[in-house]
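Overview (structure and organization)
Below are the chains, spelled out letter by letter.
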Amino acid sequence: SKISMKELVSFTTVAANMPSSFNFTVKPQIKGFTITMAKSGVVSSEKSTNNKITSAQEKLLRKARPGTLIILEDITVRMPDGTTRRSNMSLRVTK
């Protein structure tokens, strides 16, 4: 997926959304995630233990420039039935 610089520096939480084709409302809960990013050949990672962007993650994201690949890893999601799922996603920064 792609994300603009403006969107990148403005987001403060990570949310899990179910596809619109779902027939009922499900509210999964993010329990934690790690943001990993490479800048000038140096790979940096910062972890959150809830759904909120930490100050360290925000500082890391502010270093991103167009073309930077940002990876959200180990996104831990608690489902309403009590099960836990893990997921990853990547975002390419645009202007």
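Definitions and cut-offs
- Residues numbered from 1 in each chain as written.
- Predicted model: local features only at pLDDT ≥ 70, side-chain atom pairs only at ≥ 80, totals over all residues.
- Heavy atoms only, no water.
- Pairing = 2+ DSSP bridges.
- Helix = DSSP H or I, 4+ residues; strand = E, 2+ residues; numbered from the N terminus.
- Axes fitted to C-alpha atoms, helices over the stretch in contact; angles between N-to-C directions.
- Core = buried A, V, L, I, M, F, W, Y, C linked by side-chain atoms within 4.5 Å.
- Buried < 20%, exposed > 50% of the residue type's maximum accessible area, 1.4 Å probe, protein only.
- Contact = heavy atoms within 4.5 Å.
- pLDDT = per-residue confidence, 0-100.

This paragraph deals with the sheet that holds strand 2 (residues 29–39). The strands making up a sheet are joined through hydrogen bonds of the backbone, oriented either antiparallel or parallel. The sheet built from 5 strands is open, its strands ordered 1-5-4-2-3 with mixed pairing. Every interior strand has two partners, whereas the edge strands, strand 1 (2–4) and strand 3 (42–48), have only one. Across this sheet, the average inter-strand angle for adjacent strands is 25°, counted without regard to direction. The pairing of strand 2 with strand 4 (residues 69–78) spans 7 bridges and is antiparallel. Its bridge partner lying in strand 4, Met-37 is registered against Ile-70.

A separate point is the nonpolar core. Judged by nonpolar contacts, the single largest core of 20 residues is most densely connected at Leu-8, Phe-33, Ile-35, Ile-70, Leu-72 and Val-93. For this core, the elements supplying multiple residues, two or more each, are helix 1 (5–10), strand 2, helix 2 (55–61), strand 4 and strand 5 (84–94). When neighbours within four sequence positions are excluded, Ile-35 is seen to be in contact with Ser-44, Ser-45, Glu-46, Ile-53, Gln-57, Leu-60, Leu-61, Ile-70, Ile-71 and Leu-72.

Even without a glycine there, the phi angle at Ser-40 is positive, about 55°. Relative to the helices and strands, Ser-40 is located in the loop between strand 2 and strand 3. In this structure, Asp-74 takes a positive phi of about 50° despite not being glycine. On the secondary structure map, Asp-74 appears in strand 4.

Turning our eyes to something else, we now look at the side chain of Thr-76. Position of Thr-76 among the secondary structure elements: in strand 4. In this structure Thr-76 touches Gln-29, Ile-30, Lys-31, Gly-32, Thr-84, Arg-85 and Arg-86, once residues within four positions along its chain are discounted.

This next bit is on the confidence of the model for the protein. Scored by pLDDT, the protein comes out at a mean of 93, with 100% of its residues at no less than 70. Ranking the elements of the protein by mean pLDDT puts helix 1 last with 92 and strand 3 first with 97.

One can find Pro-28 in the loop between helix 1 and strand 2. Considering only alpha carbons, one finds Pro-28 and Thr-84, 56 residues apart in sequence, at a separation of 9.4 Å. Look past the residues within four positions of Pro-28 in its chain and what remains in contact with it is Ala-16, Met-18, Val-77, Arg-78, Met-79 and Pro-80.

Our next topic: the pairing of strand 3. In this structure, strand 2 lies alongside strand 3, joined through 7 bridges in antiparallel fashion. When the bridges of strand 3 are listed, Lys-39 appears paired with Val-42. In this structure, the hairpin formed by strand 2 and strand 3 is closed by a connection of 2 residues, where Ser-40 is found at a positive phi of approximately 55°.

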